[in-house]
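# A look at the structure
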Amino acid sequence: MTEEYPKEVKVKDGSTVVLRPFEKKDTDSLFAFFVKLPESDRLFLRDNVTDRAVVERWATELNYEKVFPILAWKGNEVVADASLHKNLVGWMKHVGSIRIVIAREYQRKGLGSVLANELFLRALKSGLEKIVAEMMETQQGTKKVFEKLGFMEEAVLRGHVRDQMGVRHDLLVLTKDLEEFWADIQNHAYFTYPAREMEG
């Protein structure tokens, strides 16, 4: 599954980053990436990523069949973290979800789109048919980004989640059918980096 990595990709400013799956040896670098994020960027993350035990647990429980995490590297530093989450059994086995976090200095450079497309391809190879992206209602910039990637809003769950400060928010659920993405691949729309802009 990981033979195609590391993979060098170019972003909009002409610089390059290297993509490869997260490995246990990357724990220190990934934790350092999360600690450097502005508090406002960490506020809406599902986990308290400033707790090193959280990142260590991810490393210990690595299972690429269940969660496929990709890190973007600039030199020895992680500049983005993206992951595809799959249900291995049950009635949602055909549905996956994606999460993407990008360092502030690499936002608006197309890196998010590159990572999203990478995860879409992984989802197709895994037999998934639909991708879900979830966010809080205050993350309108993130919502616009996913809409540019072809996601459609399907549901709003009122007061369903809390941010890292404990404040309740509505949860927006956006989805994308991978049949459309497959059609774009057939037309070579996703073979050139960078793809459409994504803020992260």
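Placed above this text is the structure.
Residues numbered from 1 in each chain as written. Predicted model: local features only at pLDDT ≥ 70, side-chain atom pairs only at ≥ 80, totals over all residues. Heavy atoms only, no water.

## A closer look at the overall build of the chain
For the chain, the helix and strand inventory stands at six helices and eight strands. Reading the chain from its N terminus to its C terminus gives the helix and strand order β-β-α-α-α-β-β-β-α-β-α-β-β-α. Across the 200 residues of the chain, 44% fall into the buried class. Long-range contacts, defined as pairs at least 24 residues apart, comprise 65% of the intrachain contacts of the chain with a sequence gap of at least 6. With the model as given, the accessible surface of the chain reaches about 10,500 Å², and the carbon-plus-sulfur share is 50%. For the chain, the separation between the mean place of its 30 positive charges and that of its 32 negative charges on side chains is 1 Å. (Helix = DSSP H or I, 4+ residues; strand = E, 2+ residues; numbered from the N terminus. Buried < 20%, exposed > 50% of the residue type's maximum accessible area, 1.4 Å probe, protein only. Contact = heavy atoms within 4.5 Å. Areas by Shrake-Rupley, 256 points an atom, 1.4 Å probe, with all protein chains shown as cover. Lys, Arg positive; Asp, Glu negative; His and termini not counted. Charge placed at Lys NZ, Arg CZ, Asp CG, Glu CD.)

## Side note on unusual backbone geometry
Residue Pro6 is reached from Tyr5 by a cis peptide bond, and omega for that bond is 0°. Look at Arg108: it is not a glycine, yet its phi comes out positive at around 65°. By secondary structure assignment, the location of Arg108 is in the loop between strand S5 (95–102) and helix H4 (111–125). Under the relative-accessibility criterion, Arg108 is labelled exposed at 54%.

## Some thoughts on the pattern of salt bridges
Counted under the stated rule, the structure contains 15 salt bridges. A salt bridge links Glu147 to Lys143; the shortest N-O distance between them is 3.9 Å. Residue Glu147 and its partner Lys143 are both found in helix H5 (residues 140–148); the two are separated by four residues, about one turn of the helix. By relative accessible area, Lys143 is classed as buried at 15%. Through salt bridges with shared partners, a single network forms among Glu4, Lys7, Glu118, Arg122 and Lys125. (Salt bridge = Lys/Arg side-chain N within 4 Å of Asp/Glu carboxyl O.)

## Re H4
Between the first and last C-alpha of H4 there are 21 Å, a value that for 15 residues agrees with the 21 Å anticipated at 1.5 Å per step. Here H4 lies mainly inside the structure; twelve of its 15 residues are buried. Taken together, the buried positions of H4 are occupied by Leu111, Gly112, Ser113, Val114, Leu115, Ala116, Asn117, Glu118, Leu119, Phe120, Arg122 and Ala123. Downstream of H4 by one or two residues, Gly127 has phi in the positive range, about 85°. (Expected span 1.5 Å × (residues − 1).)

## A closer look at the packing of aromatic side chains
Scanning the entire structure with this criterion turns up six aromatic pairs. Ring centres 5.5 Å apart and planes at 70° place the aromatic pair Tyr64 and Phe68 in the edge-to-face group. Overall, Tyr64 belongs to the partly exposed group, its relative accessible area being 22%. Exposure remark for Phe68: the relative accessible area of 0% places this residue in the buried category. An angle of 80° between the planes, with centres 5.0 Å apart, marks the rings of Phe146 and Phe151 as edge-to-face. Phe151 matches Phe146 in its accessibility class, with the two residues each being buried. Aromatic rings pair up to connect Tyr5, Tyr64 and Phe68 into one cluster. Between Lys109 and the ring centre of Tyr106, over which it is positioned, the NZ or CZ distance is 4.7 Å. Seen from the ring of Phe68, Arg122 lies directly overhead, with NZ or CZ sitting 4.4 Å from the centre. (Phe/Tyr/Trp six-rings, centres within 6.5 Å; stacked < 30°, edge-to-face > 60°. Lys NZ or Arg CZ within 6 Å of the ring centre and 35° of its normal.)

No statement about biological role is implied by the geometric values presented.
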